[in-house]
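These are the residues of each chain, in order.
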Amino acid sequence: MSDNQDKQQGGGMDYLQSLPRRWVVTYIPLGIFVFVLLFPFYWMVITTFKPNEELLARDGNPFWVSNPTLAHIEKLLFHTAYPEWLWNTVVVSVTSTVVSIVFAVLAAYAIERLRFQGAKPAGVAIFLAYLVPPSILFIPLASIIFELGLFDTRMALIVSYPTFLIPFCTWLLMGYFRSIPFELEECALIDGATRWQILVKIILPLAVPGLISAGIFAFTLSWNEFIYALTFVSSSEIKTVPVGVVTELVEGDVYHWGSLMAGALLGSLPVAFIYSFFVEHYVSGMTGSVKE
Amino acid sequence: MFARLQNNRHALGMVFMLPTVVLLLGLLAYPLGLGTWLGFTDAKIGRVGEWVGLDNFRYLVGDSVAQLSLFNTLVYTVIASILKFVLGLWLALLLNKNLPFKSFFRAIVLLPWIVPTALSAIAFWWLYDAQFSVLSWVLTQMGLIDQYIDFLGDPWNARWSTIAANVWRGIPFVAISLLAGLQTISPSYYEASAIDGATPAQQFRHVTLPLLTPIIAVVMTFSVLFTFTDFQLIYVLTRGGPLNATHLMATLAFQRAIPGGSLGEGAALATLMVPFLLAAILFSYFGLQRRAWQQGGDK
């Protein structure tokens with residue numbers, strides 16, 4: 001009975017399909033999708049551990065490593081500025097994420113719960129702000145950053161990332177706050193709690209899943225940011241990982257594929273790692289923000 | 001003082017909004033205006049520009065590279081968005097079936113979307129290498145080609161290669177968002193239509209698609225927006241080459257403004273993207289929204 005129930009909910013009427021048919025219609029296409037989507041990562045890993053002779057050899061099986069080496073990673077960590085880029089990326093991502101979340105919590109609470117005069121247009125404005133792409137903003141922002149004297153500092157990135165993080169986090173948190181019943185807040189108000197107490201003691205604890213989603217999204221977005229980091233920073237020791245790998249590891253015509261791939265791999269691991277812990281939050285946050 | 005303020009939700013709302021409003025006005029709204037203004041000046045890096053009226057725009061309209069970049073951007077956006085939609089919808093339908101390890105597949109499929117684009121683009125750069133590409137290697141071993149493909153050296157090859165990389169990165173977002181939409185469709189619709197004798201194709205056409213339209217509208221609006229303003233992928237893979245064949249408006253604006261130094265011209269180019277962007281958003285949003293409304297899908 002319960003098994004039947006399960007089938008009904010999970011896959012609709014899929015159980016009516018015969019096994020060979022399911023292979024052709026479902027498993028093989030899905031296998032191809034997964035293979036194509038993951039192959040570049042496999043290639044990243046394989047190249048990272050391949051010695052140079054094997055990388056440039058045309059014969060032999062390119063899909064496997066016969067003599068794995070750590071030389072590329074060693075070169076990356078001890079002979080380039082890579083550790084500094086990693087550190088910069090961590091500092092910039094963490095700071096801008098924390099700042100954005102704090103700002104976004106206040107704004108989302110005000111728009112969604114205080115419903116002050118003009119809350120509705122404010123909500124729409126926040127959504128529109130999220131639609132402004134960085135590639136049309138970076139030129140004027142560069143001249144503002146220059147005038148503020150922040151050019152070529154980490155601060156330049158820390159102040160500019162919230163411009164896309166805050167609208168996104170506010171939008172996401174508004175959805176979460178909306179799902180918390182109003183009655184809880186009314187009870188607290190009758191008991192004499194102030195708005196600040198309600199926010200800190202009732203709303204925030206209930207919105208922890210939302211805060212986690214917003215935090216992971218904001219962290220990934222700032223870790224992956226490229227165009228601002230490329231434009232506002234020029235000294236090697238202040239670059240972030242994506243910009244550093246793209247601009248500094250490519251020297252002349254001879255590409256050091258091994259260390260380039262090692263750089264790409266190590267730069268992807270932290271976000272993949274965080275993501276693997278919070279997949280469910282991530283997916284629900286993503287779908288939640290789309291459903292609005 | 002703070003206690004009294006807390007009794008007035010309008011005042012408290014203003015206070016809570018203040019940090020966000022200040023930051024977004026100063027670093028989002030103001031730059032947006034400044035960018036438009038810069039487009040009408042001959043500003044260079046480190047030098048305030050003079051008002052030159054429509055000179056930048058007049059120059060860009062007659063500039064063959066700018067024209068080519070507009071063409072490239074439209075080709076890139078249209079083809080990549082269609083492919084992302086078709087393949088993403090297909091993947092969503094596959095993931096919506098009763099599968100073993102369903103949540104594992106769902107998690108792993110999102111990876112291309114999670115990792116920094118600039119870094120996965122480097123992996124594609126290596127896959128597209130003219131001499132050592134493993135894709136060419138496989139095709140030669142299979143006997144399909146006799147010499148290695150110059151993925152990024154030939155204009156149309158380069159366009160297709162960058163589009164493929166963009167589609168690779170965009171599919172997970174489309175698929176997972178549409179999957180969320182698919183899961184909200186009640187199985188009873190499928191059962192009812194099956195009893196009435198509908199084939200799977202008819203079910204897809206008359207049940208799945210209409211109910212999914214509102215989410216498709218939102219997802220594709222975002223997808224078009226991201227694709228039209230794409231920068232990193234092109235910057236890493238080709239820097240606009242060969243012969244400017246893959247220059248998008250965003251990469252050309254960057255090249256003119258930052259390494260080239262003429263902020264005014266770059267800003268004008270960025271401003272020129274806005275109307276196309278608005279048109280794309282309005283088209284995909286209202287176009288699809290209206291269809292949903294005609295079919296009674298609107299509230």
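In this text the structure is predicted, and so the values were computed from the model without any measurement.

Rules used throughout
Residues numbered from 1 in each chain as written. Chains lettered and ligands numbered in written order. Predicted model: local features only at pLDDT ≥ 70, side-chain atom pairs only at ≥ 80, totals over all residues. Helix = DSSP H or I, 4+ residues; strand = E, 2+ residues; numbered from the N terminus. Buried ≥ 20, exposed ≤ 12 C-beta atoms within 10 Å, placed from the backbone. Contact = placed C-beta atoms within 7 Å. Axes fitted to C-alpha atoms, helices over the stretch in contact; angles between N-to-C directions. Parallel < 35°, antiparallel > 145°, perpendicular 65-115°, else oblique. Left-handed = near helix turned anticlockwise from the far one by under 90°. Nonpolar A, V, L, I, M, F, W, Y, C, P; charged D, E, K, R; others polar. Core = buried A, V, L, I, M, F, W, Y, C linked by C-beta atoms within 7 Å. pLDDT = per-residue confidence, 0-100. Domains from an automatic or database assignment.

Overview of the overall build of chain A
Helix and strand content of chain A: 16 helices and zero strands. Relative to its 292 residues, chain A shows a buried fraction of 42%. In chain A, the share of contacts with a sequence separation of at least 24, taken over all contacts with a separation of at least 6, comes to 78%.

Re the overall build of chain B
When its secondary structure is counted, chain B shows 14 helices and zero strands. Beginning at the N terminus, the succession of helices and strands in chain B can be written as α-α-α-α-α-α-α-α-α-α-α-α-α-α. By principal-axis analysis of the C-alpha atoms, chain B measures approximately 80 × 70 × 35 Å. Within the span of chain B, comprising 299 residues, buried residues form 43% of the whole. Taking contacts inside chain B between residues at least 6 apart in sequence as the whole, the part at least 24 apart equals 68%.

Considering the packing of helix α9 (residues 162–178) of chain A against helix α12 (residues 208–224) of chain A
Residue and element names in this part refer to chain A. The interhelical angle for the contact between α9 and α12, taken along N-to-C directions, is 160°, at an axis separation of 10 Å. One element, α9, and the other, α12, form an angle in the roughly antiparallel class. Between α9 and α12 lies a crossing whose hand is right-handed. For the pair α9 and α12, the contacting residues are F164, L165, F168, C169, L172, L173 and Y176 in the first and G210, S213, A214, F217, A218, L221 and S222 in the second. Residues that form the contact of α9 with α12 fall into these classes: eleven nonpolar, three polar and no charged.

Structural notes on the interface of chain B and chain A
Contacts between chain B and chain A engage 74 residues on the former and 76 residues on the latter. The greatest single-element share of the side of chain B that touches chain A, amounting to 18 residues, is contributed by helix α2 (residues 9–39) of chain B.

Re the nonpolar core
Counting 155 residues, the largest nonpolar core has A104, C169 and L173 of chain A together with I122, A175 and L178 of chain B as the members making the most contacts within it. The element contributing the most residues to this core is helix α5 (residues 82–114) of chain A, with 14 residues. If we ignore the near neighbours within four places in the chain, the residues touching L173 of chain A are A104, V105, A108, A207, G210 and A214 of chain A.

Observations regarding the confidence of the model for chain B
All names here are of chain B. For chain B, per-residue confidence averages 88 on the pLDDT scale, and 93% of positions sit at 70 or higher. Between the elements of chain B, mean pLDDT differs from a low of 65, seen in helix α1 (residues 2–6), to a high of 94, seen in helix α4 (residues 64–95). Two numbers describe this predicted complex: its pTM, 0.88, and its ipTM, 0.88.

Some points on the domain arrangement of chain A
For an interface, size is often stated in terms of accessible area lost upon the parts coming together. Residues and elements named next belong to chain A. Along its sequence, chain A is carved into domain 1 (2–70) and domain 2 (76–291). Opposite the seven residues of domain 1 that make contact, domain 2 presents six residues. Looking at the side of domain 1 that touches domain 2 element by element, the count peaks at four residues for helix α2 (residues 19–48). Along the lines of polarity and charge, the residues of the side of domain 1 that touches domain 2 split into three nonpolar, three polar and one charged.

Here we look at the packing of α4 of chain B against helix α11 (residues 200–228) of chain B
The relative placement of two packed helices comes down to the angle between their axes together with the axis-to-axis distance. All names here are of chain B. Running from N to C, α4 and α11 point in directions that differ by 145°, and their axes come no closer than 9 Å. For α4 against α11, the interelement crossing comes out right-handed. Together, T73, Y76, T77, A80, S81, K84 and F85 of α4 and M220, S223, V224, T227 and F228 of α11 make up the contact between the two elements.

Let's talk about the environment of S235 of chain A
As for its placement among the helices and strands, S235 of chain A is situated in the loop between α13 (227–232) and α14 (241–248). For the pair formed by S235 of chain A and I144 of chain A, sequence separation is 91 residues and the distance between their alpha carbons is 19 Å.

Here we look at unusual backbone geometry
Glycine aside, residues mostly have negative phi angles, and peptide bonds mostly take the trans form. The omega torsion across G241 of chain B and P242 of chain B is -15°, close enough to zero to call that bond cis. Residues other than glycine seldom take positive phi values, yet R115 of chain A does so here, at roughly 45°. Within the secondary structure, R115 of chain A sits in the loop between α5 and α6 (119–131). For R115 of chain A, a count of 13 C-beta atoms within 10 Å translates into the label partly exposed. Even without a glycine there, the phi angle at N244 of chain B is positive, about 60°. For N244 of chain B, a count of 19 C-beta atoms within 10 Å corresponds to the partly exposed category.

Some details on the domain arrangement of chain B
All names here are of chain B. Domain annotation for chain B reports domain 1 (1–39) and domain 2 (42–294). Taking only C-alpha atoms, the centre of domain 1 and the centre of domain 2 are 33 Å apart. Taken together, the contact pairs four residues of domain 1 with nine residues of domain 2. Of the residues in the side of domain 1 that touches domain 2, the class split is one nonpolar, three polar and no charged.

Comments concerning the environment of K239 of chain A
All names here are of chain A. Within the secondary structure, K239 is located in the loop between α13 and α14. Note: C-alpha distance between K239 and R154 (85 residues apart in sequence) is 8.4 Å. When near neighbours in sequence (up to four residues on either side) are disregarded, K239 contacts W85, N88, A229, V233, G244 and E248.

Focus on the confidence of the model for chain A
All names here are of chain A. With 89% of its residues at a pLDDT of 70 or more, chain A has an overall mean of 86. Looking over chain A, one finds the lowest element-wise mean pLDDT in helix α1 (residues 2–11), namely 42, and the highest in α5, namely 95. Confidence over residues 1–11 falls short of pLDDT 50; this stretch has six contacts with residues more than four positions distant or in other chains.

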